[in-house]
Amino acid sequence: MKRLASYLLLISIFSLCSLSASAVSSGSAGKGIKWILDKGVLTISGTGPMKDFGKDRPWIPSFVKKLVVEEGVTHISNNLCRDSKGLIQVSLPSTLRSIGDNAFNNCTDLSSINIPFGVEEIGERAFYHCYSFIEIELPMSLRKTGKETFAKCTNLVTARLPQSMDELGADAFADCRQLSNLSGLPSFINTGTFHLYGLNGTSVKNYWDRKEEMAARLGNSSGSSKQAQTSAATYLVEPSDIDTDIPFTGLESTNTFALIIANENYGKLANVPFARNDGNTFALYCRRTLGLPEKNIMIYNDASYGSMREAFSDLKMINEVAGEDMKVIFYYAGHGAPDDATLDPYLIPVDAARVNKEVCIPLAYVYQQLGSMNLKSAMVFLDACFSGATREDKMMIANARGIARVPKKQGLQGKVAVFSATSEAQTALPYHEKGHGMFTYYLLKRLKETKGNVTLSELKDYVTKEVSLNSTIVNRKDQTPTFTVSSGASSLWDSWKLTE
């Protein structure tokens, strides 16, 4: 009888656990935030930050197999999935800004996670002992991690860090014995400091040796081989003063939308050094300094013809809903060139082999799309030239005769202002020391100095002066930015600001 009673007791316990695991439970996770656990799926929904939990949470961690954090949530709580050893899948929203201490500590079955662009801080031991991780890529928006964030991720092999981050916590990668492939290291992680972060000294040295080698090859190479080397060199670029300490203003420019296209790696044309760095850093200023919500920032790196057309189609659809209070910031870094026959200027997608109106984007199309929208304003920034020269100014992409030409001027309509990196047959040149285009560097430098509180008129005067002067000093080439404005904005543009 005793054996039978024990057996029945075990069955009862097993049945209760099974029922508990399959039962639906729910509750509050902070002001405006709710949680629900249903059939192993923990869903966090609402708007704003989660409240922080201790080790005791209102759900049983071992029951959590999947985590879904919905759009609107800005902070993942401390200890959210701590010791959820059966957790195998995580979905995080673009609105997320921070991940709390121990959020995924000891989630041993979790093999990968996509941390979205927009996350700026990761807490202490957030991914401690996630030993199924093999690779981790941290977003460029990340500014700070706590201590031992990835410690004891013993199978981690590859880690990509944002070069612009401000602080990596002590022993962040302690006991990550397999970690040998590093990229994107910020400058404060070097052969003298690697041990502070639990990193392997040889791996850190190899990274900086590769960077130095690529920089040397960038300076000494030419011709077709330079194309591949330029891509590698820009990938390893060290962050400059505008890439770090980007001002956070706390603004919320909910009616402003940014379309950012950064074309660097061309399949059949010379690459555009630093274009992706230009676009990514511009996006960070849009978020941190200008206050655009993450969902309002559309960034396209190495965009194809189809992607570029789709981007403007999406922008127009948004305008149909948002209406006349909507503001647009359009930024482009990449190749531009004139059509051989008509001299009409085009933006060049990365999948184009030459200037061809069938597979390239007419600049007139861009202006027409923006001008036809019902907008409060549209501000266009073009770090490109349309003479046919490459950013390195060593070859032509459009004209076999190797002669830079003056592209045909394009008319504007609506409320549009255009700030372009060059005049007539000039080239939009790089600023190698800073890892950016010369035009973009001074554009962002002024946004940093003023925390975005600058009129378009003041920005135009500053950038025009600095680019003209420093292009001559640094590159020994003339580069004079130009500014044009539609008649509909002629009496308004000088007081426009990128911030609302």
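All values derive from a computational prediction rather than experimental measurement.

Draft legend 1. Seen up close, the overall build of the protein. Tallying secondary structure elements over the protein gives 8 helices and 24 strands in all. Counting all 500 residues of the protein, 55% fall into the buried class. Only carbon and sulfur atoms are counted for the fraction: they give 50% of the accessible area of the protein, which is about 21,300 Å².

Draft legend 2. Structural detail: the environment of I136. If you trace the backbone, I136 turns up in strand 10 (residues 135-137). Residue I136 is classed as buried on the basis of its relative accessible area, which comes to 3%. Spatially, the C-alpha atom of I136 lies 9.6 Å from that of F150, the residues being 14 residues apart in sequence. Once residues within four sequence positions are removed from consideration, I136 is found in contact with I113, I115, F150, L156, T158, A159 and R160.

Draft legend 3. How the structure looks around the environment of S183. Relative to the elements of secondary structure, S183 occurs in strand 13 (residues 181-183). As a C-alpha pair, S183 and W208 span 25 residues in sequence and 9.4 Å in three-dimensional space.

Draft legend 4. Structural context of the pairing of strand 5 (residues 66-69). Judged from the 4 bridges that link them, strand 3 (residues 41-46) and strand 5 form a sheet pairing that is parallel. Looking at the pairing, L42 lines up with L67 of strand 5. Pairing between strand 5 and strand 7 (residues 89-91): 3 bridges, direction parallel. The partner of V68 across the bridge, within strand 7, is S91.

Draft legend 5. Spotlight on the nonpolar core. Residues F330, L370 and F381 are the most contacted members of the largest nonpolar core, which totals 82 residues. No other element matches helix 7 (residues 438-450), which puts 7 residues into this core. For F381, the residues in contact, after removing those within four places along its chain, are F282, I329, F330, Y331, Y332, F419, F439, L443, L456, L459 and L498. Residues I33, L92, L138 and L168 belong to the second largest nonpolar core, which totals 56 residues.

Draft legend 6. Local environment of the pairing of strand 1 (residues 25-28). By the bridge criterion, 4 bridges tie strand 1 to strand 2 (residues 33-38) in an arrangement that is antiparallel. Pairing of S25 across the sheet is with L37, part of strand 2. The hairpin turn running from strand 1 into strand 2, its antiparallel successor, is 4 residues long, and G30 in that turn takes a positive phi close to 125 degrees.

Draft legend 7. Fine view of the pattern of salt bridges. Tallied over the full model, the rule gives 13 salt bridges. Salt-bridge contacts for D209 lead to K205; the nearest nitrogen and oxygen are separated by 2.7 Å. Of this pair, D209 and K205 are both found in helix 2 (residues 201-220), 4 residues apart, which corresponds to roughly one turn of the helix. Judged by relative accessible area, D209 falls into the partly exposed class, the value being 33%. With a relative accessible area of 43%, K205 lands in the partly exposed category.

Draft legend 8. Spatial organisation of a negative patch on the surface. On the surface, E121, D166, E167 and D245 cluster together into a negatively charged patch. The residue D245 is located in the loop between helix 3 (224-235) and strand 14 (256-262) in this model.

Cut-off values and rules
- Residues numbered from 1 in each chain as written.
- Predicted model: local features only at pLDDT ≥ 70, side-chain atom pairs only at ≥ 80, totals over all residues.
- Heavy atoms only, no water.
- Helix = DSSP H or I, 4+ residues; strand = E, 2+ residues; numbered from the N terminus.
- Buried < 20%, exposed > 50% of the residue type's maximum accessible area, 1.4 Å probe, protein only.
- Areas by Shrake-Rupley, 256 points an atom, 1.4 Å probe, with all protein chains shown as cover.
- Contact = heavy atoms within 4.5 Å.
- Pairing = 2+ DSSP bridges.
- Core = buried A, V, L, I, M, F, W, Y, C linked by side-chain atoms within 4.5 Å.
- Salt bridge = Lys/Arg side-chain N within 4 Å of Asp/Glu carboxyl O.
- Patch = residues over 30% accessible without salt bridge, like charges linked within 9 Å, V, L, I, M, F, W, Y side chains within 5 Å.
- Lys, Arg positive; Asp, Glu negative; His and termini not counted.
- Charge placed at Lys NZ, Arg CZ, Asp CG, Glu CD.

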